[in-house]
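Inside the fold
Residues per chain are reported as follows:
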Amino acid sequence: MKQRLLTPGPTPVPEETLLEMARPVFFHRSPEFREMLAEVLADLQYLFCTKNAVVPLTSSGTGAMEAAVANALPAGSKAICVSAGRFGERWRNLCKAFDIETVNVTAPYGQPVPPEQLARALADHPDARAVCTTLSETSTGVAHDVAGFGKLVAASSALLLVDAISALGAMECRVDGWHIDMCVTGSQKALMLPPGLAFLSVSDKAWTAIDANSKPRAFYFDLKKAREKLKTSDTPYTPAHTLIRALRVSLKKIRAEGIENLWARQARIARAARAGFQALGLELFAARPADGLTTVKMPASIDSTTLLGKLEKQYGLKLANGQDNLKGKIIRLAHMGYIDQFDVLAGIAGVELVLKEMGHPVEPGKGVAAAQRALAESVKQG
Ligand SMILES: *Cc1c(COP(=O)(O)O)cnc(C)c1O
């Protein structure tokens, strides 16, 4: 059976990239590697919409979050954590692990935290060194108004740390335009690669904080060491260089399409996914949905664990369940990276078939038709 991986990480890898990864391993301390890294770093700046350096790290995305906290925030300092889901809570737990006091600004799962709530926290805590948040909260499917947060944080002395792991390359994210000081992403979401690489952009304001921090709590993730090596397009330790070679393929694709065209294509697919599920009478879980995934509430009579099991076993469609309290209650369909509009139609078609099999009243084709209509409405005329 044909398998379709439609989870919000990892995501499918294009055939061209798989072939690139099958090529022989080469030596990394070489002019050829440095030349390749220089090219990739420039393309990463394009992806991040930044003039700042983007530091590549050999880790999953969380490693880059840890690098940000360990380098920029001294023990005993204070950070405002803006969160409304599992990944936002990861910043909070990370801060705790590094003895950083957290001020928690939250919203119920499925809702975004409004910028006004952050404005109040910034006013109450002028000593906060950082604001940590998530652009696309993958556990709920919500997008935060990071542009709105950025305006507030830029006017303060705090740094803005953003987890954009499921957002960069899946929806609009302007690191410089939105005043993001440290922006994190990983390879296995919208970048069409397997897990193993993380990336972190660092603004001048963030470098100033890092340089002022006399006791950074990092060795492998020491960003000053990385900065030194980046001057000659190199890395302090052995990079996952075969993945970097594969990344070059993804970044060339993104450059060729154009980042704004990519955002528009993603937004169009997201609109179609939402229209499809809503036409089936299902309710969206995210009040302010991200463009890289769609989260959908299950009717009371349907356990999403059962539905997802059937989708995988009978149709080769792998979608994601809710996490923790949301397990059994929602489904999450990814549409980022190499997942395209027709994969989304396949996902909706599968959900229709399984809902019907489970005795939920659906008219087969209704969701697919609505999604198709949404796609057709946004096709360029002429
Ligand atoms: C996938 C994801 C992560 C996961 O990080 P890894 O360390 O790469 O597993 C973190 N944050 C968000 C928003 C994600 O979508």
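Structure first, text after, so check above.
Residues numbered from 1 in each chain as written. Predicted model: local features only at pLDDT ≥ 70, side-chain atom pairs only at ≥ 80, totals over all residues. Heavy atoms only, no water.

**Observations concerning the layout of surface pockets**
- Its boundaries defined by the atoms lining it, the largest pocket holds a volume of some 280 Å³.
- Taken together, 21 residues form the lining of the largest pocket, with Pro8, Gly9, Phe87, Lys189 and Gln323 sitting closest to its centre.
- Elements represented by at least two residues in the lining of the largest pocket include exactly α3 (61-72) and α4 (86-97).
- In terms of residue class, the lining of the largest pocket is made up of five nonpolar, eleven polar and five charged.
- Two domains each donate at least three residues to the lining of the largest pocket, and these are domain 1 (15-256) and domain 2 (258-381). (1 Å grid on protein atoms, 1.4 Å probe; cavity = no way out; pocket = protein on both sides within 12 Å on 5 of 7 lines; lining within 4 Å. Points joined across faces, edges and corners; volume = space filled by probe spheres on them. Helix = DSSP H or I, 4+ residues; strand = E, 2+ residues; numbered from the N terminus. Nonpolar A, V, L, I, M, F, W, Y, C, P; charged D, E, K, R; others polar. Domains from an automatic or database assignment.)

**Examining unusual backbone geometry**
- In the segment running from Gly9 into Pro10, the intervening peptide bond is cis, with an omega of -10°.
- Following the sequence through the fold, Pro10 ends up in the loop between β1 (4-5) and α1 (15-21).
- Its identity as a non-glycine residue notwithstanding, Ser233 has a phi of 50°, on the positive side.
- Along the chain, Ser233 turns up in the loop between α8 (223-230) and α9 (241-257).
- Note on Ser233: relative accessible area 15%, which makes it buried. (Buried < 20%, exposed > 50% of the residue type's maximum accessible area, 1.4 Å probe, protein only.)

**Points about the packing of aromatic side chains**
- Taken as a whole, this structure holds three aromatic pairs when the rule is applied.
- Geometrically, the ring pair formed by Phe219 and Tyr237 is tilted, given 6.1 Å between the ring centres and 35° between the ring planes. With Phe219 in the loop between α7 (204-212) and α8 and Tyr237 in the loop between α8 and α9, the pair connects residues that are 18 residues apart, well separated along the chain.
- Among the aromatic residues, those joined into a cluster by ring pairs are Phe219, Tyr220, Phe221 and Tyr237.
- The ring of Trp207 has Arg227 sitting right over it, with the charged end atom 4.4 Å from the ring centre. (Phe/Tyr/Trp six-rings, centres within 6.5 Å; stacked < 30°, edge-to-face > 60°. Lys NZ or Arg CZ within 6 Å of the ring centre and 35° of its normal.)

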